[in-house]
Amino acid sequence: MQRNGGGVGAGGQPWVLRRVRLTWLSFMLFFILVFFPLIAHYYLTTIDEAGGPDKRIFGPRPGGELCEAKHVQDLCRIRESVSEELLQLEAKRQELNGEIARLNLRIEACKRSIDSAKQDLLQLKNVISQTEHSYKELMAQNQPKLSLPVRLLPDKEDPGLPPPKSARSCRLRSCFDYARCPLTSGFPVYVYDTGSYPWGDYLDPLVKQAFAASVKSNIYITDNPSIACLYLVLVGELQEPFSSPQSSPSELEKQLKALPYWRSDGHNHVLVHLSRKSMTQNFLYNVSTGRAAVAQSTFLEQQYREGFDLVVSPLVHALSEPNFLEVPPQVPVKRKYLFTFQGERVESLRSSLQEAPPQSFEEEMEGDSPADYDDRIIGTLKAVQDSHLDQVLVEFTCKNPRPSLPTEWALCGEREDRLEVLKASTFALVIAPGDGQLVASAGCGMRLFEALEVGTIPVVLGDHSRLPYHQFIRWSEAAIIVPKPRVTELHFLLRSLSDNDMLAMRRQGRFLWETYFSTSENVLNTLLASIRTSIQVPAAPIKEEPAHEIPHKAGKLAGTDANLADNGDLDLGPVETEPPYASPRFLRNFTYTAADTYRTWNRAPGPFHLFPHTPLDPVLPSEAKFLGSGTGFRPIGGGTGGSGKEFQAALGGNVPREQFTVVMLTYEREEVLMNSLERLNGLPYLNKVVVVWNSPKPPSDDLLWPDIGLPIVVVRTEKNSLNNRFLPWDAVETEAILSIDDDAHLRHDEIMFGFRVWREARDRIVGFPGRYHAWDVNHQSWLYNSNYSCELSMVLTGAAFFHKYYAYLYSYVMPQAIRDMVDEYINCEDIAMNFLVSHITRKPPIKVTSRWTFRCPGCPQALSHDDSHFHERHKCINFFVKVYGYMPLLYTQFRVDSVLFKTRLPHDKTKCFKFI
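Residues numbered from 1 in each chain as written. Predicted model: local features only at pLDDT ≥ 70, side-chain atom pairs only at ≥ 80, totals over all residues. Heavy atoms only, no water.

Asks: What should I look at first to understand the state of the cysteines in this one?
Replies: Among covalent bonds in proteins, the disulfide is the one between the sulfur atoms of two cysteines. Under the defined criterion, the tally for this structure stands at four disulfides. Residue pairing for Cys 398: its cysteine sulfur links by disulfide to Cys 412, the two sulfurs lying 1.5 Å apart. A residue pair is termed long-range when its members are at least 10 positions apart, and Cys 398 in the loop between strand 9 (393–395) and strand 10 (409–410) and Cys 412 in the loop between strand 10 and helix 9 (415–423) qualify at 14 residues. As far as burial versus exposure is concerned, Cys 398 and Cys 412 are alike and both buried. Between the sulfur atoms of Cys 828 and its disulfide partner Cys 876 the distance amounts to 2.0 Å. Because the sign of the S-S torsion sets the handedness, a value of about 80° for the bond joining Cys 828 and Cys 876 places this disulfide among the right-handed ones. Of this pair, Cys 828 sits in the loop between helix 20 (816–825) and helix 21 (829–841) while Cys 876 sits in helix 22 (residues 868–884), and the two are 48 residues apart along the sequence. Relative accessible area serves as the criterion here: at 0%, Cys 876 is assigned to the buried category. (Disulfide = S-S within 2.5 Å. Helix = DSSP H or I, 4+ residues; strand = E, 2+ residues; numbered from the N terminus. Buried < 20%, exposed > 50% of the residue type's maximum accessible area, 1.4 Å probe, protein only.)

Structural data, given as structure tokens:
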């Protein structure tokens, strides 16, 4: 302890000395470092000044003597380099100043030019405005502006038109009030309640019930009688027309005049008498109907007013729908019997049709058939039967004849027995009544209906007969009408017809029966359509399917697949810079001609006039150019040649510019769908994409849809059905539809080529993968075949163009049984569309390019890979054949290819199509 303590005390003094020394040394160093340089600098400066300018050591020296010093040579070189750069920059600055001055002069000159151009443009605008004004004045002088007719509704007590000379002279022009039916009226029809007039209680209950059901489903029926164009009164068929005191002619006239909207003369009224029996009494014969038209199945010549009254078909299927599977097929053309007839002539039944005395022979010869014509017919037909040249069946006596009118041939037996005989007959004779005054009868109408129902060609003996709706239907295309004096040549005439002619007549008869006569709804629709057509009121547009859009979020701008966009010389169309535009709407609603109307009623196989104005399918809103290419417009991009750059720069052709809509069906394959949508980016002439979302589950919330620069409409469906692919969505605003699967993989040039070909064949299906049907001899049935072949009869609608017109027909006109089978199998919708188009056009589809499949590589397997897929399609084909009654598909070896798929050509060389 002492040793340590002593050490500390002894060491205290040296530490103080060391601190004093350090302080002194620091002061000395500071003095030397600060004052010594100052003293040295002062000394050296004094020496330079004392020695004169020649003896200077550190001052500037003349003649560049300083540069000779080795340690400052680098500094001199730097100064010279900087001086040279400064001189260069100065020269460049002066040059730029000169350029700026020149540009300012040019700017001033351009401003003066712009001002001058603005003045010229203003003058040109004034000239154009004056020219347009002059043009409008000239157009107003030569083509005055027309407005739609103003709808005039007369007062309830308005007597209307002046009375005609006689009720027999009534025609539309003299007895129909057109003021109640303007072209823009929509043809409203008011139907009297059968309980509002006394004889309504005596109506046949089945007729009354069927008529009421048909009225409920008709689009023209209105509950407001003050705006009605037409008034319908159901007057028959009565249960006991002659036993009731309400049925006397005078009493019926009083009841008719008591109708609330009869207006003294019954103008714009139609008295409808629907017959269910062959023995239908004409109780309106002695009743004065005024200006009211009569629609019934039985008419006397002195009663029938040509062009005013209507001969309607009998109401056979009052409340039941015809079973298409029970209808016999249309092939083979020739059946067991060449012709058949079963009937018994009625000679002595009590007649309530007329009370006039019997006609003399001279009166019969003045336009009526001689009384012995029926005897001649019996003798001739028996001779043909006895000759055994052909197998025929004629029977002129019946075990159980049905009640019929005097001089008419009574029906034999029950309806089922008669149909069995007709199913084995190629032709069915319909002999007109022996009384020439009876121009239409329910018995003849019944024979005609039954013949058409089972596909037997009617042969009407008696050209004086009025067949149902003969003003509109060209019966010569479905039946053979010959005068009674030519009965001796009848056998020769029937044998001279070819199989093709007979099949065409049978097919036309099937069309007439299905469209106009088969059901009570069709009978009412046909009745209204005939009146509407007569007064030239256009049909109501058929309703489109509303597209209930599913909201979705657009993601990033879609890129273009290099494999799809880089087509080299295969480009068949430019990328348009114009926004999407719709096809022109149907613009001829108020200007269709009588020829159009006549073709509409009679063209069963034709694609252009099948259903636009028929009762089942009114005017379609987007069939403007479906009637052909002769529209009277000059096509945009057409008429400038068809080779080289001109061909590639525009679609050309004879139809105005147009675009197409892609309709894509999808079901819970979001990734595949997004890839397919991205591949459509940059596709020329694409109007929009309609995605039919067939899944009950909505798209994922975080799903980002590609932005392809065009609208993508996602449509929500009510149920999962492949028929949704062909619904006429209102979102589709173009005539051309490209139906495509969500896993289809097509290049842009292939799509454009298919669009070009479709524009040249608008009434057909134009697509890529082809298939065909074949007859299985062993099983006596049809087979579906997808093997590679040089012949085809179908084009799959998973990648095909078709007209929107067929979407209406598929959804609203095609038999419901076909759509039901598509839903049952979740298959065959493409086969059904091919059946429909081939049935209407009698033409096969068109295949483009050599593609046989269009599936994208790596996509999930579709339903077509299932083992049962082909078995179901076999069943579909055979079922569709039963519904149509024959095989409508047609074979073709025709394929359309472009030479660009075979030969590489420069852009300035000729480009064309090659048809193989």
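Asks: What is the right way to look at the confidence of the model for the chain in this model?
Replies: Caution applies to low-pLDDT regions: their predicted coordinates should not be interpreted in detail. For the chain, per-residue confidence averages 80 on the pLDDT scale, and residues scoring 70 or more make up 75% of the total. Per-residue pLDDT stays below 50 along residues 586–595; that stretch engages in 18 contacts with residues further than four places along the chain or on separate chains. In this model, residues 909–916 is a region of pLDDT below 50 whose contacts with residues beyond four sequence positions or in other chains number 33 contacts. (pLDDT = per-residue confidence, 0-100. Contact = heavy atoms within 4.5 Å.)

Asks: Looking at this structure, how should I read the packing of aromatic side chains?
Replies: The geometry of an aromatic ring pair is captured by two quantities: the separation of the ring centres and the angle between the planes. Under the definition given, this model contains 32 aromatic pairs. Arranged with centres 6.0 Å apart and planes meeting at 5°, the rings of Trp 475 and Phe 517 form a pair that is stacked. Linking Trp 475 in the loop between strand 13 (457–461) and strand 14 (480–482) with Phe 517 in helix 12 (residues 499–517), this pair joins segments that are 42 residues apart in sequence. Note on Trp 475: relative accessible area 4%, which makes it buried. The exposure class assigned to Phe 517 is buried, which follows from its relative accessible area of 4%. Arranged with centres 4.9 Å apart and planes meeting at 70°, the rings of Trp 775 and Trp 782 form a pair that is edge-to-face. For Trp 775, a relative accessible area of 39% corresponds to the partly exposed category. For Trp 782, a relative accessible area of 18% translates into the label buried. Taken together, the ring pairs in this structure connect Tyr 469, Trp 475, Phe 511, Tyr 516 and Phe 517 into an aromatic cluster. Geometry around Phe 755 places Arg 759 over its ring, the cationic atom sitting 5.9 Å from the centre. Stacked on the ring of Tyr 784, the Lys or Arg Arg 873 has its end atom at 4.3 Å from the ring centre. (Phe/Tyr/Trp six-rings, centres within 6.5 Å; stacked < 30°, edge-to-face > 60°. Lys NZ or Arg CZ within 6 Å of the ring centre and 35° of its normal.)

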